[in-house]
Amino acid sequence: MWPKLIYTCLGIAMILVGWGIAWANQNAKICENKARIEILSKQIQAVSNQASESEKAIVRMETKIEYILKGIDEIKAEVKNKK
C-alpha cells in the first residue's frame with residue numbers, strides 16, 4: 001500500500017513540476033517576445049524619423065534647384081533683352 005501511495009505522490013509531483021516548467025518556459029517566451037517587439041518598435045520609429053528627415057531634405061533640395069532654375073531663366077531673359 002505504501003509504495004503505491006509514494007509512487008502516486010511522486011507521479012503527481014512530477015506532473016506538477018512539468019506543468020510548472022512548461023508555464024515558466026511560456027512565460028519566458030512571452031517576455032522575450034515583448035522585449036523584441038519593443039526593440040522593433042523603437043527601430044521602426046527611428047527609421048520613420050530618418051525617412052521623414054530625408055523627405056524634408058529632398059524638398060529643401062528641390063526648392064533650391066527650382067530657385068536656381070528661375071535665376072538661370074531670369075539671366076537668360078536679361079541676356080536676350082540686351083541683344
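When you go through the protein chain residue by residue, the secondary structure sums to 1 helix and 0 strands. Taking 12 Å as the expected radius of gyration for a compact globule of 83 residues, we find that the protein chain reaches 36 Å, considerably beyond that expectation. Its C-alpha atoms put the protein chain at 120 × 10 × 5 Å along the principal axes. Across the 83 residues that make up the protein chain, the buried fraction comes to 0%.

Attention now goes to the pattern of salt bridges. Enumeration over the complete set of coordinates arrives at 2 salt bridges. Between Glu32 and Arg36 there is a salt bridge, and its shortest N-O distance comes to 2.8 Å. Placement of the pair is Glu32 and Arg36 together in helix 1 (residues 2-82), with a separation of 4 residues, close to one helical turn. A salt bridge links Lys56 to Glu53, with the shortest nitrogen-to-oxygen separation between them at 3.6 Å. Highlighted residues: Lys56 and Glu53, both in helix 1, separated by 3 residues, approximately one helical turn. Residue Lys56 is classed as partly exposed on the basis of its relative accessible area, which comes to 45%.

Glancing now at a nonpolar patch on the surface. Taken together, Ile58, Met61, Ile65, Tyr67, Ile68, Leu69 and Ile72 make up a surface patch of nonpolar side chains, about 730 Å² in accessible area. By the element assignment, Ile58 lies in helix 1.

Cut-offs and rules
- Residues numbered from 1 in each chain as written.
- Predicted model: local features only at pLDDT ≥ 70, side-chain atom pairs only at ≥ 80, totals over all residues.
- Heavy atoms only, no water.
- Helix = DSSP H or I, 4+ residues; strand = E, 2+ residues; numbered from the N terminus.
- Rg over C-alpha atoms; globule rule 2.2 N^0.38 Å.
- Buried < 20%, exposed > 50% of the residue type's maximum accessible area, 1.4 Å probe, protein only.
- Salt bridge = Lys/Arg side-chain N within 4 Å of Asp/Glu carboxyl O.
- Patch = residues over 30% accessible without salt bridge, like charges linked within 9 Å, V, L, I, M, F, W, Y side chains within 5 Å.
- Areas by Shrake-Rupley, 256 points an atom, 1.4 Å probe, with all protein chains shown as cover.

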